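# Reading the structure
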Amino acid sequence: MTELLLVRHGLPLAGVFDPGLSPEGTAQAERAAAWLAHEHLDALYSSPFRRARETVAPLERLTGMTATVLDDLREWDTDVSHPYTPPEQIQRDDPRSVALAEGRYEDFVPDLDWDAFRTRAVRAMDTILDAHPGERVAAVCHGGIINTYLATMLGLPTMFWFHPGYTSVSRVRRMPGGRLVLHSVNETAHLIAERAVDAAAGSL
């Protein structure tokens, strides 16, 4: 079995193109790293966007691994003429905010080439899964691409169907016969809890 952990980046700064993490986002990344360091990961991947690379950095430090930057893991917001604003910080009278509040996630990015984005999302995850048979891998990327990949995997009619928390973890497993199984969605326990040390291991 191969397990892929899809990790959304931490909360980014607002108002700039390709933002890094906010102080809150940095704290989220540190908590996620401390939690995931116990997962016995075999490899790390990251989107090329700064908010993803800064999220994976604490995990690189704790595991001693260097994340492979995979361009296909990038989000849909690649227009350098517009500064990035986290969805939660968009003004309430903005049509995009209304679309999110009403669950019309795809209206948030009406001009997106959905077929191309879907193809890229699937290609990214297949690339990782194919490269690490029988291993556990974490890929730090973005809410949109996580949504789209999982929706495609599940055969859902819409590609934006849930709202991943910052540094949330969703797990996909590829079984020995090749079947993909969604094991969990939107895990955020690391933001509110400390990971317990295995009692048996602790007694050795």
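Further up the page is the structure itself.
Rules behind the numbers
Residues numbered from 1 in each chain as written. Predicted model: local features only at pLDDT ≥ 70, side-chain atom pairs only at ≥ 80, totals over all residues. Heavy atoms only, no water. Helix = DSSP H or I, 4+ residues; strand = E, 2+ residues; numbered from the N terminus. Buried < 20%, exposed > 50% of the residue type's maximum accessible area, 1.4 Å probe, protein only. Areas by Shrake-Rupley, 256 points an atom, 1.4 Å probe, with all protein chains shown as cover. Pairing = 2+ DSSP bridges. Salt bridge = Lys/Arg side-chain N within 4 Å of Asp/Glu carboxyl O. Core = buried A, V, L, I, M, F, W, Y, C linked by side-chain atoms within 4.5 Å. Contact = heavy atoms within 4.5 Å.

### Side note on the overall build of the protein
- Scanning the protein for helices and strands turns up six helices and six strands.
- Starting at the N terminus and walking to the C terminus, you meet the elements of the protein as β-α-β-α-β-α-α-β-α-β-β-α.
- Scored against the burial criterion, the 204 residues of the protein give a buried share of 45%.
- Carbon and sulfur atoms provide 53% of the accessible area of the protein, an area that totals close to 10,000 Å².

### Some details on the pairing of strand E1 (residues 2–8)
- Along E1, seven of the seven residues are buried, which leaves the element largely enclosed by surrounding structure.
- Residues Thr2, Leu4, Leu6 and Arg8 line one face of E1 and the alternating positions Glu3, Leu5 and Val7 line the opposite face, and both faces are buried.
- Note that E1 and strand E5 (residues 169–174) share six bridges and pair antiparallel. When the bridges of E5 are listed, threonine 2 appears paired with arginine 174.
- Across six bridges, E1 lies against strand E4 (residues 136–141) in parallel orientation. Each bridged residue has a counterpart across the sheet, and for leucine 6 the counterpart in E4 is alanine 139.

### So, unusual backbone geometry
- Unlike most non-glycine residues, aspartate 18 shows phi in positive territory, near 50°.
- Following the sequence through the fold, aspartate 18 ends up in the loop between E1 and helix H1 (23–36).
- Here the phi dihedral of threonine 167 falls at roughly 60°; this positive angle occurs in a residue that is not glycine.

### Concerning the pattern of salt bridges
- Inspection of every chain in the model, using the stated rule, returns 14 salt bridges.
- Ionic pairing is found between arginine 136 and glutamate 3, a salt bridge with its closest N-O pair at 2.6 Å. Here the residue arginine 136 occupies a position in strand E4, and glutamate 3 occupies one in strand E1, the gap between them amounting to 133 residues.
- Taking relative accessible area as the criterion, glutamate 3 reaches 2% and is therefore assigned buried.
- Via salt bridges that share partners, Glu3, Glu39, Arg136, Arg171, Arg173, Glu187 and Arg195 belong to a single interconnected network.

### Here's the deal with the pairing of E5
- Most of E5 is tucked away: five of the six residues are buried.
- With five bridges connecting them, E5 and strand E6 (residues 180–187) associate as antiparallel partners. Across the sheet, the residue bridging to valine 172 is leucine 182, located in E6.
- Here E5 folds back onto E6 in antiparallel fashion, the turn holding five residues, of which glycine 178 has a positive phi close to 100°.

### Considerations on the nonpolar core
- With 25 residues, the main nonpolar core has Leu4, Leu6, Tyr45, Leu73, Met125, Ile128 and Tyr149 as its most contacted residues.
- Mapped by element, the contributors of at least two residues to this core are E1, strand E2 (43–46), helix H4 (114–131), E4 and helix H5 (143–154).
- With seven residues, the top contributor of residues to this core is H4.
- Setting aside anything within four residues of it in sequence, one finds leucine 4 in contact with Met125, Ile128, Leu129, Val137, Ala139, Ser170, Arg171 and Val172.
- Listed in part, the 15 residues of the second largest apolar core include Val56, Ala67, Val140 and Val169.

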